[in-house]
Structure formats: C-alpha cells, structure tokens
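Analysis of the macromolecular model
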Amino acid sequence: MANHNVVATIVVLFIDGLPLASFNSVIGAYTVAVTPESKMGAVTTASTAPGIFLMRMGIFFAGFGFDQWGVTSSMAILTVVAVVATVLIFLCAPLRDTPLLTDLVE
C-alpha cells in the first residue's frame, strides 16, 4: 500500500522539522541546568542513545516501510522499537554509568 499523498507528507515533515533545532537546544540547556554533574553521563546517554539508533530506523521506515506496509504499520513498528530501545537503555547499567568527559581527561 503506497502513500499517495506525497506532497502532504513532505509539507508535514518540513514543518515538523523547523522547530527541531530550537527544541534540542532548549532540552540540552535544561538538562545541563538541572542534572547533577555526577549524573550527567547517565542522563546524556539515556536521552541520546535511543535517538541515535532510532534515526536510522526512521529513515528506513519512512522510505521502504511507508511504501510497502503503509503509514500505520510502519509507525506501529517504530513505536515498538522506540519503547524497546528506551527500556534497554534504562535497564542497561553500563550505559547509565558512562563517565563524564572530565573523568576521561583526568
């Protein structure tokens, strides 16, 4: 089942991407402001690792998945993958104990 409204998809993705840089800056500033230095590595890892993995999955599903399986199925699969990735990061102690850059330099 193909996505027949390509123009609408492009417009929505473009509009959705406009505020992304601002949101990321605000989230980063907030994280630095409220996170104790001893927990900064854990918080940074927990907030970025799922996104790094999911970025590649998103590209695959937005291209191949939307075209072959439809938007609903692709988004459902991405949702499950996102939840699993977040839970794994939450439960994986070595990732939560990632040292700060200053610890590596010392």
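I will try to describe carefully the structure that is included in this document. (Residues numbered from 1 in each chain as written. Predicted model: local features only at pLDDT ≥ 70, side-chain atom pairs only at ≥ 80, totals over all residues. Heavy atoms only, no water.)

This part takes up the side chain of Ser74. Along the chain, the position of Ser74 falls in helix H4 (residues 71–91). Those residues in contact with Ser74 that sit more than four places away from it in its chain are Phe61, Gly65, Phe66 and Trp69. (Helix = DSSP H or I, 4+ residues; strand = E, 2+ residues; numbered from the N terminus. Contact = heavy atoms within 4.5 Å.)

Glancing now at the layout of surface pockets. Its boundaries defined by the atoms lining it, the largest pocket holds a volume of some 310 Å³. Forming the walls of the largest pocket are Leu13, Asp16, Gly17, Leu20, Gly58, Ala62, Phe66, Val71, Met75 and Leu78. Residue assignment for the lining of the largest pocket shows that the elements contributing at least two residues are helix H1 (6–17), helix H3 (40–69) and H4. Among the residues forming the lining of the largest pocket, the class breakdown is seven nonpolar, two polar and one charged. (1 Å grid on protein atoms, 1.4 Å probe; cavity = no way out; pocket = protein on both sides within 12 Å on 5 of 7 lines; lining within 4 Å. Points joined across faces, edges and corners; volume = space filled by probe spheres on them. Nonpolar A, V, L, I, M, F, W, Y, C, P; charged D, E, K, R; others polar.)

Let's shift gears to a nonpolar patch on the surface. Taken together, the side chains of Val7, Val11, Phe14, Ile15 and Leu18 define a hydrophobic patch exposed on the protein surface, amounting to about 520 Å² of accessible area. Mapped onto the fold, Ile15 is located in helix H1. (Patch = residues over 30% accessible without salt bridge, like charges linked within 9 Å, V, L, I, M, F, W, Y side chains within 5 Å. Areas by Shrake-Rupley, 256 points an atom, 1.4 Å probe, with all protein chains shown as cover. Salt bridge = Lys/Arg side-chain N within 4 Å of Asp/Glu carboxyl O.)

Attention now goes to H1. With twelve residues, H1 extends 16 Å between its outermost C-alpha atoms, agreeing within 8% with the 16 Å of an ideal straight helix rising 1.5 Å per residue. Counting buried positions along H1 yields zero of twelve residues, so the element is predominantly exposed. (Expected span 1.5 Å × (residues − 1). Buried < 20%, exposed > 50% of the residue type's maximum accessible area, 1.4 Å probe, protein only.)

Attention now goes to the packing of aromatic side chains. In the structure shown here, the tally under the stated rule is one aromatic pair. Ring geometry for Phe64 against Trp69: centres 5.3 Å apart, planes inclined by 90 degrees, an arrangement best described as edge-to-face. Overall, Trp69 belongs to the partly exposed group, its relative accessible area being 37%. (Phe/Tyr/Trp six-rings, centres within 6.5 Å; stacked < 30°, edge-to-face > 60°.)

To continue, consider the side chain of Thr31. Structurally, the position occupied by Thr31 is in helix H2 (residues 20–34). On the accessibility criterion, Thr31 (16% relative accessible area) is buried. Ignoring anything within four residues of it in the chain, the contact list for Thr31 reads Met40 and Val43.

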